[in-house]
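A look at the structure
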Amino acid sequence: MALPAEFHDIAERVNNWGRWGADDEIGTLNLVTDEVVRRAVAEVRTGRRVPLALPLREDGVQTGMIPGRVNPLHTMVQINQEIFGPGTVACSDDAVTMGLQAATHWDALPHVSHSGRIYNGRPAGTVTAHGGAEFSGIEKAPYVVSRGVLLDVARARGVDRLDGGHAVTPEDLEAAEELAGTRVRAGDIVLVRTGQMRVYLAGDRQAYAHPSPGLSVRTPEWFHARDVAAVANDTLTFEVFPPEIEDLWLPVHALHLVEMGMMQGQNWNLEKLSTACGQEGRYAFLLSATPEPFVGGTGTPVAPVAVL
């Protein structure tokens, strides 16, 4: 089914193709300037560090719903092997097989396409079986460090977790912004907490995946208006699932990655960060979330850390 006119109307309003030149491959990360980073560093007051990544494990968040996106399979390739002869230092090495979007991760800009195009109007065919993404692969984002802002939508709505199927709206984001006591500004990385991660942490992978709260198709215009550099949340699908518009699958992915050139992250554990921000009464911090530079990757695991 063709994408509806409503989608194309939003796409036209948020489109960033050519904004940073015809050769640009990093999109809204251009908004993270040296000045933005200097201001982000100024958010550090106590040095309290909060990790935001899930452990990489064989029984992780993936349920098989997405073909090929496998949880990490960790194997030892040598154990206490004296590779330089008897009595020498012994080494243990390991290897892992996993989907790059298996656990806490960033989606690179070519992760999705629509109408035969990826970000900046390049052909979707530039993503190939052997080379991966020719343009805007995850390695093109060599560092992701900026001011992070937690928009704790669940807490702002007075609940531990939003109901499955709740579409997070711009009004929800503004309620969370009011709770945070700060305004999202250009170059910020926004973390949206729905509380859905609590379901996974309680051991129910299936219920974590579906039905899930997530971002509404109305939110890309809000992020575009604020010149946000990237967005991540605490769900498997990122956007509300099932979709709020019947048969319109992954529209937020397409608007963020293809039209805006804005990376998005999924499966971020924001529970400890929610507690820490509540205790300290502030929701802005220095965020370090640099991707693993897999050449041609359409996504990558990431181990983000918030520093308050």
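Note that this is a predicted model, so its numbers are computed, not measured.

Taken in spatial order, the 9 strands make up an open sheet running β1-β15-β13-β7-β9-β11-β12-β4-β14, and their pairing is mixed. Among the strands making up the open sheet, the edge pair consists of β1 (49–51) and β14 (299–301). Each adjacent strand pair in this sheet contributes to an overall mean axis angle of 25 degrees, direction not counted. Note: strand β7 (residues 145–152) against strand β13 (residues 284–288), 5 bridges, orientation antiparallel. Paired with Val149 across the strands is Ala284, a residue of β13. The strands touched by helix α8 (residues 251–260) are β4 (105–107) and β12 (264–266); relative to β12, the strand with the most contacts, the crossing angle is about 140 degrees.

To continue, consider the environment of Arg161. Tracing the backbone shows Arg161 in the loop between α3 (153–156) and β8 (167–168). On a C-alpha basis, the gap between Arg161 and Phe241 in space is 15 Å, while along the polypeptide they are 80 residues apart. Polar contacts involving the side chain of Arg161 include one to the side chain of Gln196, which spans 3.3 Å.

Further remarks concern unusual backbone geometry. Omega for the bond connecting His210 with Pro211 falls within 30 degrees of zero, at -10 degrees, which places this linkage in the cis form. With respect to the helices and strands, the residue Pro211 is situated in the loop between α6 (205–209) and β10 (214–215). Cis peptide bonds are those with omega within 30 degrees of zero, and the linkage from Phe241 to Pro242 qualifies with 5 degrees. Locating Pro242 in the fold gives a position in the loop between β11 (230–233) and α8. The backbone of Phe238 shows a phi angle near 75 degrees, a positive value even though the residue is not glycine. On the secondary structure map, Phe238 appears in the loop between β11 and α8. Overall, the relative accessible area of 0% leaves Phe238 in the buried class. Positive phi, close to 65 degrees, is recorded for Asp247, a residue that is not glycine. Tracing the sequence through the fold places Asp247 in the loop between β11 and α8.

Trp106, Leu191, Trp268, Leu273, Phe285 and Leu287 are the most contacted members of the largest nonpolar core, which totals 33 residues. If you list the elements that add at least two residues to this core, you get β9 (189–193), β11, α8, α9 (271–280) and β13. For this core, the element with the most residues is α9, which contributes 3 residues. Formed by 28 residues, the second largest nonpolar core is a distinct cluster that contains Ala11, Leu173, Trp222 and Phe223.

Cut-offs and rules
- Residues numbered from 1 in each chain as written.
- Predicted model: local features only at pLDDT ≥ 70, side-chain atom pairs only at ≥ 80, totals over all residues.
- Heavy atoms only, no water.
- Pairing = 2+ DSSP bridges.
- Helix = DSSP H or I, 4+ residues; strand = E, 2+ residues; numbered from the N terminus.
- Axes fitted to C-alpha atoms, helices over the stretch in contact; angles between N-to-C directions.
- Contact = heavy atoms within 4.5 Å.
- Polar contact = N/O pair within 3.5 Å; in protein donor to acceptor, adjacent residues only side chain to side chain.
- Buried < 20%, exposed > 50% of the residue type's maximum accessible area, 1.4 Å probe, protein only.
- Core = buried A, V, L, I, M, F, W, Y, C linked by side-chain atoms within 4.5 Å.

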